[in-house]
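What follows is each chain in one-letter form.
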Amino acid sequence: MSHITKLKTAITKQFILKETLDKLCLPWKSIKLDQGSSPTLDLKKNPRIDFIIPQENGSNITFLWTGKNYEIGLDVSKWQQSTSISSFMSRVEQTYATILLTTSAENAGFNLSASNEITNSPVMTNKSVNNINEEKKINLVCQGWY
């Protein structure tokens, strides 16, 4: 029996989400709206799917735009990743936050002088391997001269 679960996130910037998925080596696909789609769609009731991560069983992981932020839609009973859903979520949110902070600092004129991501356990996603920081700590050191 299928049951789609929507997981709320603080992800709001599409270009940083794309960079996050790329950095995590997740094979995402962009979903284009049909020409006949209604632009007045109520996004609270019917979020728009912007991206999917295909799974071999056809039950894709979806990134749904609500009009304010992205939610991740997935079928818990058909989860096909080799990591838990919570580890997957943590890794996506942690990587997104790191890219967001780094981009914001660079836009403000700072340079990233050091990044220390302590990694200690591998996470396999489809055929790619990434490291996850179980302690959820990343040290970013930025500097700027004014």
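Everything below is about the structure printed above this text.
Worth saying up front: this structure is predicted, and the values here are computed from it rather than measured. (Residues numbered from 1 in each chain as written. Predicted model: local features only at pLDDT ≥ 70, side-chain atom pairs only at ≥ 80, totals over all residues. Heavy atoms only, no water.)

A. Spotlight on the overall build of the protein chain. On a plain count of helices and strands, the protein chain comes out with two helices and nine strands. The burial tally for the protein chain puts 36% of its 146 residues in the buried class. Sequence separation of 24 or more characterises 60% of the internal contacts of the protein chain that already satisfy a separation of 6 or more. Carbon and sulfur atoms form 54% of the exposed surface of the protein chain, whose accessible area is close to 9100 Å². (Helix = DSSP H or I, 4+ residues; strand = E, 2+ residues; numbered from the N terminus. Buried < 20%, exposed > 50% of the residue type's maximum accessible area, 1.4 Å probe, protein only. Contact = heavy atoms within 4.5 Å. Areas by Shrake-Rupley, 256 points an atom, 1.4 Å probe, with all protein chains shown as cover.)

B. Focus on helix H2 (residues 85–107). Taking 1.5 Å of rise per residue, 23 residues should cover 33 Å, and H2 covers 33 Å from first to last C-alpha, within 8% of that figure. Once H2 finishes, glycine 109 follows within two positions and takes phi at roughly 95°, a positive value. (Expected span 1.5 Å × (residues − 1).)

C. Up close: the nonpolar core. By size, the foremost hydrophobic cluster in this structure holds 20 residues, and its most contacted members are Phe63 and Phe88. Every element with two or more residues in this core is listed here: helix H1 (14–23), strand S3 (48–53), strand S4 (61–65), strand S5 (70–75) and H2. Top contributing element to this core by residue count: H2, with five residues. (Core = buried A, V, L, I, M, F, W, Y, C linked by side-chain atoms within 4.5 Å.)

D. Structural view of the side chain of threonine 62. Locating threonine 62 in the fold gives a position in strand S4. Every residue in contact with threonine 62, bar those within four places of it in the chain, is listed here: Ile49, Phe51, Ile52, Glu71, Ile72 and Gly73.

E. Geometry of the environment of lysine 32. Topologically, lysine 32 is positioned in the loop between strand S2 (29–30) and S3. Assessed through its relative accessible area of 69%, lysine 32 is described here as exposed. In the structure, lysine 32 is positioned 19 residues away from phenylalanine 51 in sequence and 8.9 Å away in space, judged by C-alpha atoms.

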